[in-house]
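One letter stands for each residue in the lines below.
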Amino acid sequence: MTRSSRAVRLSLLATLAGVPVLATACGRAATDPGRPGVPVVGSWRYVAQQTSPAPADLQGTLAVGEQSGARIAGALDVVETDARGLQRRLGGAMAGRTADSTTLDFDVAIGAGVRRHVGRVRGDSLTGSWIEQPVAGGAPVASGSFRAARQR
């Protein structure tokens, strides 16, 4: 791993590590859905780039089917294409929250991992970064960036 890619990974980890503080700092009960953030229910065209451990492109749909207060839930369905052109379908349940009027923080369960996404909504666009960790915990196994456009 190069020094610059290590610095980017550490920066991403530091950014993502600070977001749970936002969610818990308000002192809400676990059953409180929180204040509504940006409205995100609907279908989004999802495109992501995996930068670590190996390059890959992902394309598909992020479907946000439920939003209650700050809580959001839905599903992600994508096709991943690696550098050799090999494809595999990935997908899973999505759950998270709107951290404020523009920020989303959500997890997608994919196989033995959880991909945590943190992004900002501007109009009908969503952009951000993601990092994957094993469900059992431990060091991140993959990371990258994503963007999504609301489908009408």
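Residues numbered from 1 in each chain as written. Predicted model: local features only at pLDDT ≥ 70, side-chain atom pairs only at ≥ 80, totals over all residues. Heavy atoms only, no water.

A. Representation of the sheet that holds strand 8 (residues 142-150). With antiparallel pairing, the 8 strands of this closed barrel are ordered in space as 1-2-3-4-5-6-7-8. Strand after strand, the sheet turns through a mean of 25° between neighbouring axes, direction not considered. With 9 bridges joining them, strand 1 (residues 42-52) and strand 2 (residues 56-68) adopt antiparallel strand pairing. For Tyr46, the partnering residue across the bridge sits in strand 2 and is Gly60. (Pairing = 2+ DSSP bridges. Helix = DSSP H or I, 4+ residues; strand = E, 2+ residues; numbered from the N terminus. Axes fitted to C-alpha atoms, helices over the stretch in contact; angles between N-to-C directions.)

B. Representation of the packing of aromatic side chains. Under the criterion given, the structure shown has 2 aromatic pairs. Here Tyr46 and Phe146 contribute two aromatic rings whose centre-to-centre distance is 5.9 Å and whose plane-to-plane angle is 15°, an arrangement assigned as stacked. With Tyr46 in strand 1 and Phe146 in strand 8, this residue pair connects regions lying 100 residues apart in the sequence. Of the two residues, Tyr46 and Phe146, both sit in the buried class. An angle of 75° between the planes, with centres 6.2 Å apart, marks the rings of Phe106 and Phe146 as edge-to-face. (Phe/Tyr/Trp six-rings, centres within 6.5 Å; stacked < 30°, edge-to-face > 60°. Buried < 20%, exposed > 50% of the residue type's maximum accessible area, 1.4 Å probe, protein only.)

C. Seen up close, the pattern of salt bridges. Summed over all chains, the structure comprises 7 salt bridges. Between Arg84 and Asp82 there is a salt bridge; the shortest N-O distance is 3.1 Å. By relative accessible area, which is 68% here, Arg84 ends up exposed. On the basis of relative accessibility, which here comes to 21%, the residue Asp82 falls in the partly exposed class. A salt bridge links Asp124 to Arg152, with the nearest nitrogen and oxygen atoms 2.6 Å apart. Placement of Asp124 in the loop between strand 6 (113-122) and strand 7 (125-134) and of Arg152 in the segment after strand 8 is noted, with a sequence separation of 28 residues between them. (Salt bridge = Lys/Arg side-chain N within 4 Å of Asp/Glu carboxyl O.)

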